There are 2 protein chains.
Amino acid sequence: MLKVVSGSHSQIHTPLRESAFIKACRREPTPHTPIWLMRQAGRYMPEYRAVRDRMSFLELCHDSEQAADVTITAARALGVDAAIIFADILLVLEPLGVGLEFVKGDGPSIREPVRDPARIDALQPYDTADRLSYVYEAIRLTRAELTEVPLIGFAGAPFTLASYLIEGGGSRNYVATKQLMYGNEAAWQRLMELLAGLINSYLHSQIDAGANAIQLFDSWAGCLSPTDYARFAAPHSTAALRGISERAPVIHFGTATSGMLGDIRSAGGDVIGADWRIPLDRAWEAIGHDRGIQGNLDPVTLFAPTETIAQAADDILERAAGRPGHIFNLGHGILPQTPVDHVKFLVDHVHEKSSR
Amino acid sequence: MLKVVSGSHSQIHTPLRESAFIKACRREPTPHTPIWLMRQAGRYMPEYRAVRDRMSFLELCHDSEQAADVTITAARALGVDAAIIFADILLVLEPLGVGLEFVKGDGPSIREPVRDPARIDALQPYDTADRLSYVYEAIRLTRAELTEVPLIGFAGAPFTLASYLIEGGGSRNYVATKQLMYGNEAAWQRLMELLAGLINSYLHSQIDAGANAIQLFDSWAGCLSPTDYARFAAPHSTAALRGISERAPVIHFGTATSGMLGDIRSAGGDVIGADWRIPLDRAWEAIGHDRGIQGNLDPVTLFAPTETIAQAADDILERAAGRPGHIFNLGHGILPQTPVDHVKFLVDHVHEKSSR
């Protein structure tokens, strides 16, 4: 276990609904800008690599105690304002029996990609309460131990999950995904409805188990034109989020979405993610100031000297201009080779610089 | 050779300065919206594959007669409003002696990536008039034969070329590039100045040889935050374009740049490229209506049924609203498996639909 570092702004003993993170989700003033980092429990961290030496990625996801431990260790080591449950957006696809694998170095892969209508029709919805119970158990264990900061639950959005299911892994151009989408809209809609239903019940169960907020990862929605996003993806993200915002704040995340932030906002969410490809002030204008914003540091900035990191963070804080509702984060997950010290430096720097 | 298809809107015998393409570059009214397609001479086309069966990609680039033939064949087969000289943005790197290769299926690779200051200092500027003369010769040959439409010359922008040089090929996160940029700004600036100088003389020579317009490809600039783009990339693109706009219209192209179109415009260009990740009307507003716009169809749309292609093209034309200065194009190059018939359908459809 890592040494517990409680940052100067630690929320220990503050009821979680009064935490900086949850207040920022509600666009209420906070004593400092809350910060957490996507993939904050990941390969850049030696404690995490030690766990992974003993078990595979999927084994770790399935092991509720270890997943909780990894979640808590990272949050405490960094002194961030929120934890995010250790899991993967693709776990929802595993009970569909498509052969989900995480190949060392190559990322996720689906052994039997789903590309034709017959295979889509053969996909069976399943009971998420049963088949994904190990995630809820990890949430319960984390909540029991981690009382000082809120815990974020999450799921992949239907479009992003569908793209993995169809491409069989990561993709550069999403040709197979878009071919199905354009070429057989009825089959596409059936697939998206199936996924939206699974995601929705998965998210509700995560809140039941104790998640204090939810992030919907539509990581690859930015490969779509805004018109296609609105037609083929957004309604299903809205369905996946049905009834969630009423129970816990929702962060709606995507990358390369600078030209469609308003469309993402329309699909749902209390806080909208913006990557680094747009200045935060212009992103917030596009989203609307009646929503929060999460972002927007380039993850590669963490490889730079600390003065450069400070400069880039200050630029973002200045553009947020102290307006309530900004959650500091990277524009995408922490990369594997990132220096741990730089991650800690960023967290402390944002806390200090934004103290009000 | 392909059968010569002269589209209903062919500019045959019209002086090129009065062609729809050149007039659109100057934001003058045109009888129809001009269209050409990035990588219109490429693997999707059987005639091109036949040539490539006989020679490698680099051999084809070096063979001025074949390059001219491939250029002309594609432009005539499609009935587009402009040809673009067959070449590659990385040819400028070849005389630097870094081991440029095009590996079958894997795209370009640099055998000896340049990552440390000593290697940057060891790079020698060279005489582009001499070492890249085969490109100018291809331009002269094309101009002599292809009298009906303008010919576009092009180069990669300093940032995009530097990213290949440093990463050694394509990249997902550009970690090495940004590490050098952030970690050793002096070395970065030296590299960018070297590249900008080479590009600038290369572009001037292409105009000398007969290129009627120039496109600067900053294909990967969209991986930068707008702040980093303005600091580390834009001044060098401006330097690369020095004196060019005065001689021929300049199209300034990038992808994933929805959040920094204004910054790209500030760096130079008469026409600014916009990919499909932003609606054309909002992109043009961000660029400013005192510049032209090129784009912005998703290349994968060409895999869709023709009704879907028509719908997407119509949406773009409606958003352009007949304002002079729109050049229709894809947001990035034609993909290898694209059906040729669909490409022709798009060209004809845009011509018909935009007839004024």
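Residues numbered from 1 in each chain as written. Chains lettered and ligands numbered in written order. Predicted model: local features only at pLDDT ≥ 70, side-chain atom pairs only at ≥ 80, totals over all residues. Heavy atoms only, no water.

### Quick notes on the overall build of chain A
So, point 1. Assigned secondary structure in chain A consists of 15 helices and 9 strands.
So, point 2. Taken against the 2.2 N^0.38 rule, which gives 21 Å for 356 residues, the C-alpha radius of gyration of chain A at 19 Å falls within 12% of a compact globule.
So, point 3. Taken along its principal axes, the extent of the C-alpha atoms in chain A is 55 × 45 × 40 Å.
So, point 4. Within chain A, the proportion of its 356 residues that are buried is 65%.
So, point 5. Taking all contacts inside chain A whose residues are at least 6 apart in sequence as the whole, residues at least 24 apart take part in 72%.
So, point 6. Surface accessibility of chain A: about 12700 Å² in total, with carbon and sulfur atoms responsible for 48%. (Helix = DSSP H or I, 4+ residues; strand = E, 2+ residues; numbered from the N terminus. Rg over C-alpha atoms; globule rule 2.2 N^0.38 Å. Buried < 20%, exposed > 50% of the residue type's maximum accessible area, 1.4 Å probe, protein only. Contact = heavy atoms within 4.5 Å. Areas by Shrake-Rupley, 256 points an atom, 1.4 Å probe, with all protein chains shown as cover.)

### Description of the sheet that holds strand E5 (residues 213-218) of chain A
Residue and element names in this part refer to chain A.
So, point 1. The sheet built from 7 strands is open, its strands ordered E1-E4-E5-E6-E7-E8-E9 with parallel pairing. Looking at strand neighbours, the two that pair on one side only are strand E1 (83-84) and strand E9 (326-330), the edges of this open sheet.
So, point 2. Sheet topology note: the E1/strand E4 (residues 151-156) ladder contains 2 bridges and is parallel. Considered in E4, the bridge of Ala-83 is made with Leu-151.
So, point 3. Here helix H14 (residues 306-320) sits on the sheet in contact with strand E8 (292-297) and E9, set at roughly 155 degrees to E9. (Pairing = 2+ DSSP bridges. Axes fitted to C-alpha atoms, helices over the stretch in contact; angles between N-to-C directions.)

### A look at the confidence of the model for chain A
Low-pLDDT stretches of the model should not have their predicted coordinates read in fine detail.
All names here are of chain A.
So, point 1. In this model, chain A carries a mean pLDDT of 95, and residues with pLDDT of at least 70 account for 96%.
So, point 2. Scored below 50 in pLDDT, residues 1-13 shows 23 contacts in the model against residues more than four places distant or in partner chains.
So, point 3. Per the prediction output, this complex has pTM 0.94; the corresponding ipTM is 0.93. (pLDDT = per-residue confidence, 0-100.)

### Structural notes on the interface of chain A and chain B
Accessible area lost when the parts come together is the quantity often used to give the size of an interface.
So, point 1. In this assembly, 37 residues from chain A lie in contact with 37 residues from chain B.
So, point 2. Both sides of the chain A and chain B interface together cover about 2600 Å² of buried area, and 55% of this is carbon and sulfur.
So, point 3. When the buried area of chain A at its contact with chain B is split by residue, A:Tyr182, A:Arg277 and A:Val300 rank highest and sum to 21% of it.
So, point 4. Residue B:Asp263 is joined to A:Arg282 by a salt bridge in which the shortest nitrogen-to-oxygen separation is 3.8 Å.
So, point 5. Listing elements by their share of the side of chain A that touches chain B, those giving two or more residues are helix H9 (175-183), helix H11 (226-240) and H14 of chain A.
So, point 6. Among the elements that take part in the side of chain A that touches chain B, H9(A) stands out by supplying 5 residues, more than any other.
So, point 7. Per-class residue counts for the side of chain A that touches chain B are 17 nonpolar, 11 polar and 9 charged. (Buried area = accessible area lost by both parts, 1.4 Å probe. Salt bridge = Lys/Arg side-chain N within 4 Å of Asp/Glu carboxyl O. Nonpolar A, V, L, I, M, F, W, Y, C, P; charged D, E, K, R; others polar.)

### A look at unusual backbone geometry
All names here are of chain A.
So, point 1. A cis geometry characterises the amide bond from Gly-295 onward to Asn-296, with omega recorded as -10 degrees.
So, point 2. Along the chain, Asn-296 turns up in strand E8.
So, point 3. Phi is positive for Arg-27, close to 60 degrees, though the residue is something other than glycine.
So, point 4. Within the secondary structure, Arg-27 sits in the loop between helix H1 (20-25) and helix H2 (46-54).
So, point 5. According to the relative accessible area criterion, Arg-27 is partly exposed, its value standing at 35%.
So, point 6. Residue Ala-321 is not a glycine yet carries a positive backbone phi of 55 degrees.

### Remarks on empty space enclosed by the protein
Any space left empty among the atoms is revealed by the rolling of a water-sized probe across them.
So, point 1. The final tally for this structure, using the stated rule, is 2 cavities of 30 Å³ or more.
So, point 2. In this structure, the second largest cavity encloses a volume near 30 Å³.
So, point 3. Every residue lining the second largest cavity is listed: A:Ala256, A:Thr257, A:Ser258, A:Arg277, B:Ala256, B:Ser258 and B:Arg277.
So, point 4. Residues of the lining of the second largest cavity, tallied by class, amount to 2 nonpolar, 3 polar and 2 charged. (1 Å grid on protein atoms, 1.4 Å probe; cavity = no way out; pocket = protein on both sides within 12 Å on 5 of 7 lines; lining within 4 Å. Points joined across faces, edges and corners; volume = space filled by probe spheres on them.)

### Here we look at the packing of aromatic side chains
So, point 1. By the definition in use, this model includes 16 aromatic pairs over all chains.
So, point 2. Residues B:Phe57 and B:Phe102 carry aromatic rings whose centres are separated by 4.5 Å and whose planes lie at 50 degrees to one another, so their mutual orientation is tilted. Of this pair, B:Phe57 sits in helix H3 (residues 57-62) while B:Phe102 sits in strand E2 (residues 100-103), and the two are 45 residues apart along the sequence.
So, point 3. Among the residues examined, B:Phe57 registers a relative accessible area of 14% and is labelled buried.
So, point 4. For B:Phe102, a relative accessible area of 24% corresponds to the partly exposed category.
So, point 5. Between B:Tyr136 and B:Tyr202 the ring centres are 6.1 Å apart and the planes differ by 50 degrees, which places this aromatic pair in the tilted class. Here B:Tyr136 is found in helix H7 (residues 133-145), whereas its partner B:Tyr202 is found in helix H10 (residues 185-209), with 66 residues between them in sequence. Each of the two residues, B:Tyr136 as well as B:Tyr202, counts as buried.
So, point 6. Through successive ring pairs, a cluster of aromatic residues spans A:Tyr48, A:Phe57, A:Phe86 and A:Phe102. (Phe/Tyr/Trp six-rings, centres within 6.5 Å; stacked < 30°, edge-to-face > 60°.)

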